[in-house]
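Working through the structure, step by step
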Amino acid sequence: MRDARQSNTAALLVLALSVLLAFGLRWLVWRWREFYPLGGDEQEYLRQALILLQERRYEELRLMRPPLYSLFLAGSVLLVDSLVQNLRLVQAIISALTVAPVWLLTREAARAYGIGWQRPAGVAALLAALSYTLAANATELLTETVFLFGLTLVFWLLLRAARLGSVPAAAFAGLIAGALCLVRSVALPLLPLGAVWLLVGRLRPANAATERKRDRRQTTFGALAFAIAALLVFAPWTARNYATYGGMILIDTTGAENLWLDNDPAGREAVKAQLYAMGDDRLGRQQLAMRQGTAVIAADPQRFAAKAWRELTNFFALEYADDMIERRAIWVPPAEVWLRLALGDGLWLALALAGAYGLAGVRRAQPAPALPLRQRLPALLSDPRWAFVPWALYVVLTGALFHVELRYRLPLYPVLLPFAALALGGGARTTPTGSIGGATLVMLILGLTLLHAPYPQYAWERGWKHWYLASAAQALAAGDPNSAAQAAHAARNHDPESALARVALARAALDAGDPDGAETWLREAIALLPAHPHAHLLLGDLLRQRGTDADARREFAYETGSLEDLQDWSWQRFTSPPPDALDVGGGLDLGHVRGFHAAEASGWRWTKAQATVRLERTAEPALLTLRLASGRPPGAPDPTLEVRADGVTLGRIRVAAGWRDYVFALPAATAADRGALVIELRSETFTPRAYDRTSADGRTLGVMIDGIAENPIDDRR
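Cut-offs used in this document
Residues numbered from 1 in each chain as written. Predicted model: local features only at pLDDT ≥ 70, side-chain atom pairs only at ≥ 80, totals over all residues. Heavy atoms only, no water. Helix = DSSP H or I, 4+ residues; strand = E, 2+ residues; numbered from the N terminus. Buried < 20%, exposed > 50% of the residue type's maximum accessible area, 1.4 Å probe, protein only. Contact = heavy atoms within 4.5 Å. Areas by Shrake-Rupley, 256 points an atom, 1.4 Å probe, with all protein chains shown as cover. Lys, Arg positive; Asp, Glu negative; His and termini not counted. Charge placed at Lys NZ, Arg CZ, Asp CG, Glu CD. Axes fitted to C-alpha atoms, helices over the stretch in contact; angles between N-to-C directions. Parallel < 35°, antiparallel > 145°, perpendicular 65-115°, else oblique. Left-handed = near helix turned anticlockwise from the far one by under 90°. Nonpolar A, V, L, I, M, F, W, Y, C, P; charged D, E, K, R; others polar. 1 Å grid on protein atoms, 1.4 Å probe; cavity = no way out; pocket = protein on both sides within 12 Å on 5 of 7 lines; lining within 4 Å. Points joined across faces, edges and corners; volume = space filled by probe spheres on them. Expected span 1.5 Å × (residues − 1). Polar contact = N/O pair within 3.5 Å; in protein donor to acceptor, adjacent residues only side chain to side chain.

What about the overall build of the protein chain?
- What the protein chain contains, in helices and strands, is 29 helices and eleven strands.
- The burial tally for the protein chain puts 51% of its 717 residues in the buried class.
- Across the protein chain, contacts joining residues at least 24 apart in sequence account for 73% of those joining residues at least 6 apart.
- On the protein chain, roughly 32300 Å² of surface is accessible, and the fraction owed to carbon and sulfur atoms is 61%.
- One finds the centroid of the 73 positive side-chain charges in the protein chain at a distance of 14 Å from the centroid of its 67 negative side-chain charges.

Remarks on the packing of helix H26 (residues 533–546) against helix H28 (residues 566–573)
- Where H26 contacts H28, the two axes come as close as 11 Å, and the packing angle between them is 50 degrees. By the angle between their axes, H26 is oblique relative to H28. Crossing geometry of H26 relative to H28 is assigned as right-handed. For the pair H26 and H28, contact is made by Pro-533, His-534, Leu-537 and Leu-538 and by Leu-566, Trp-569, Ser-570 and Arg-573, respectively.
- Per-class residue counts for the contact of H26 with H28 are five nonpolar, two polar and one charged.

Some thoughts on empty space enclosed by the protein
- As enumerated under the stated definition, the model contains two cavities of 30 Å³ or more in all.
- In this structure, the largest cavity occupies an estimated 70 Å³ of space.
- What lines the largest cavity is a set of twelve residues, among which Ala-161, Gly-165, Leu-198, Gln-218 and Thr-219 lie closest to the centre.
- Elements supplying a minimum of two residues to the lining of the largest cavity: helix H8 (144–164), helix H9 (167–181) and helix H11 (209–245).
- For the lining of the largest cavity, the leading source of residues is H11, giving four residues.
- What lines the second largest cavity is simply Ser-95, Thr-98, Leu-134, Asn-137, Glu-144, Thr-145, Leu-148 and Leu-410.
- Per element, the largest residue contribution to the lining of the second largest cavity is three residues, and it comes from H8.

Remarks on helix H15 (residues 301–315)
- A rise of 1.5 Å per residue sets the reference length of H15, with its 15 residues, at 21 Å; its end C-alpha atoms lie 21 Å apart and thus fit the reference within 8%.
- Among the residues of H15, Phe-304, Lys-307, Ala-308, Glu-311, Thr-313, Asn-314 and Phe-315 are the ones counted as buried.
- Elements that come into contact with the buried residues of H15 comprise helix H14 (282–299), helix H17 (334–361), helix H19 (385–401) and helix H21 (432–452).

A closer look at the side chain of Asp-541
- The residue Asp-541 is located in helix H26 in this model.
- Of the polar contacts made by the side chain of Asp-541, one reaches the backbone nitrogen of Thr-575; its length is 2.9 Å.
- Leaving out residues up to four positions away in the same chain, Asp-541 has contacts with Phe-556, Phe-574, Thr-575 and Ser-576.

Here we look at helix H2 (residues 40–55)
- Across its 16 residues, H2 extends 22 Å between first and last C-alpha, which sits within 8% of the 22 Å expected from 1.5 Å per residue.
- Those residues of H2 not exposed but buried are Glu-42, Tyr-45, Leu-46, Gln-48, Ala-49, Ile-51, Leu-52 and Leu-53.
- At its buried positions, H2 is contacted by helix H3 (68–80) and helix H4 (84–97).
- Note on H2: the residue one or two positions beyond its end, Arg-56, has a positive phi of about 55 degrees.

So this is what it looks like as C-alpha cells:
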C-alpha cells in the first residue's frame with residue numbers, strides 16, 4: 001500500500017512539473033510572438049467578439065462559423081481586456097493546462113490495456129508539455145487550443161465512463177462534446193462515435209444473466225446520457241438557425257462551403273465571390289455549395305484523386321522545415337529556430353511514429369483463442385482503439401477531402417499522445433501481428449512525409465550552408481575578407497538561391513574596399529528575395545555614402561520589415577561614418593541609432609528605456625543639443641531622462657510635454673579618445689494602454705526625440 005501511495009505521489013509530481021514546464025515553454029513562445037500581427041481569421045473572430053460586447057448583438061461571419069469561440073474571446077476580453085497579447089496569454093494558460101487531461105487520458109488508456117499507468121501518463125504529459133507546435137498554436141486567436149483541451153477531456157471521460165459504467169461521466173462527456181460542436185463543427189462525428197463506444201466499451205464476458213442485464217442497462221443509459229447531453233447543448237443553436245434562415249443548418253455552413261472552395265478548379269477566391277454575391281442567404285449558400293462541390297468532384301474524379309493525394313502527403317509534412325524553406329525572408333530568433341526544429345518537427349515526427357506504432361501494436365490480455373468467437377467478441381469490441389481509430393481516420397480523410405493546414409492535425413494529438421506514451425513508456429504488451437502492423441504503419445507515415453519533400457537532402461544542404469555562413473561571419477569579425485568570401489561562396493554552392501550568402505559576399509567586398517562589387521551582390525540578393533531586409537539595409541548604407549538620400553531612404557524603410565532588431569544589426573555592420581548632427585527619425589539615421597522604436601510618420605522616434613546614438617567626435621569642446629518631448633498623456637508625470645556620453649553622465653532632466661531643445665556640455669576630447677562619440681539616453685517609460693484602455697498600443701515608450709547634434713539644431717518645428 002505504501003509503495004502504491006508513493007508511486008501515485010511521484011506520478012502527480014511529474015504531472016505538476018509537466019504543467020509548469022508547459023507553461024514555461026508557452027510563455028517563452030508568447031514573448032517571442034508579441035508583435036506578430038493577427039491573421040485574417042483571427043481578426044474576424046476578434047471583431048465578432050468585440051461587436052458582441054460593444055453592440056450586444058451577434059454578427060455572423062462572412063463564411064458562417066460556430067459561435068462558441070467568439071463567445072470565449074468575448075469572455076476573455078472581459079477578463080483581461082482586448083489587448084491581443086493578453087488574449088494570447090489566456091490561451092497559453094489553457095494550452096499548458098491541457099497537459100492534465102492528457103495525463104488523465106493516458107492513465108485511463110493504460111488501465112484499459114492492463115498496463116501500469118504511472119510511467120505512460122508521465123511520458124504523455126512531458127510530450128504534451130514540450131510540444132512547440134501546441135505552444136505556437138496557443139498564440140493564435142483560433143479555435144484549436146480550446147478545441148484540443150475539450151477534445152482530450154471528452155476522450156478521457158468516454159474511456160472512464162466505459163470502464164466504470166458511470167452515467168454522470170458519460171453525460172459530462174456529452175456536454176463537452178456538444179460544446180465542441182459549437183466551437184468547431186468538425187466535432188459532430190464525436191456524437192455517434194461516443195454513443196457507440198459507450199454501448200460497446202463496457203462489454204465484458206459475463207457468467208450470470210443478472211450481471212449481463214446490469215451491464216446492458218448501464219451501457220444503454222450511458223450512451224443515452226451522452227447523446228441527450230450533447231443535443232441539449234447544440235440543439236438550441238440549430239433551432240436558431242432554422243428560425244433565422246428558414247431551413248436546416250445544423251451548426252454552420254463550413255463543411256459544404258469548403259467542399260466547393262477546396263475542390264473547384266476555378267480556385268477559392270472565385271468561389272468566394274459567388275458565395276458572397278448571395279448575401280446573407282446562408283441556407284442557399286449551403287445548398288449551392290453542396291451541389292457544386294459534389295458536381296466538380298464527380299466531373300473530374302482523376303483531378304480530385306490527385307488533389308486528395310497531395311493533401312494527404314501535406315498532412316504528414318514537417319511544418320517548420322517547410323516554413324524555413326518557403327518563407328526565407330521571415331526572421332526568427334535562433335533559439336526559436338532550434339525549438340521549432342527539435343520540439344516542433346522533431347517531436348511531431350516522434351509522436352506520429354510512436355503513436356502509430358502504439359495504435360497498431362499495443363495489445364491487452366486476450367481471452368484464450370480456443371474460446372468461441374461469441375465469448376471473445378465482447379473483449380475485442382471493448383478495445384479502446386474503437387474509440388480512437390475512427391476519429392483518427394476521420395481527421396486524416398477530411399484533410400484530404402478539403403485542404404490541409406497543419407493546425408488541422410492537432411485533433412490527432414489526443415489519439416497519438418496516449419498511444420505514443422504506451423509504446424515508449426514500457427510495459428505494453430505486443431504480439432508479432434501487432435508489431436508487424438505497427439512497423440508497417442510507421443513506414444507508411446515516413447513514406448508520406450518523404451514524398452512531400454526530401455527532408456534529409458534539405459537538412460544536409462542547409463546544414464552545410466549555415467556552417468559556411470557562420471565561418472564567413474567569423475572571418476569578417478576577424479578582419480579577413482578573403483576567407484569570408486571563400487566561405488560565402490561555399491555557402492552559395494550548397495544553396496544557389498541563398499540571399500544570405502550574397503549578403504556575406506557583399507560585406508566581404510566592402511571590407512576589401514570594393515563597393516561596386518558589394519552593390520552587385522546586394523542587388524542579386526534583392527532580386528532573389530525581395531522582402532529580406534539585410535540586403536536592402538546594406539544597400540541603403542552604400543547609397544547614403546554616395547549622397548543619393550532619396551534612394552537610401554527607400555532601402556532603409558525595410559527596417560520595419562522584420563521582427564529582428566535591425567537597428568542593432570545595422571549598428572554592427574554599416575560602414576558609413578557617423579555625422580556630427582543626426583535627424584532622428586528622418587529616414588537616414590539607421591546605423592547610428594539603436595534602442596529606438598520605428599520612426600513615426602512625421603519624422604521622429606520614441607526611445608525605449610535605454611537608447612544609444614553614435615555621433616562624430618569633434619576635437620574641440622562642444623555642446624550637445626537634443627530636441628525632445630515627453631509625449632505623456634494628460635495627467636501623467638513628466639519623465640526623467642539621464643544623458644551619458646561615453647559612459648560619463650552629462651546630466652539628468654525632466655522632459656516637458658512640448659518640443660524643446662536641451663543642451664549639455666560635452667567634456668573635452670583627449671588624445672586617448674578615438675572613434676565615435678556614443679550618447680546614451682536612459683528614461684522612465686510608460687505604456688499608452690495603461691492610460692487609455694481603448695488604445696491598441698502596448699509598447700513601452702520612453703521620450704520623443706527629433707534630433708541630436710554637437711551644435712544647435714536648426715529649428716524645424
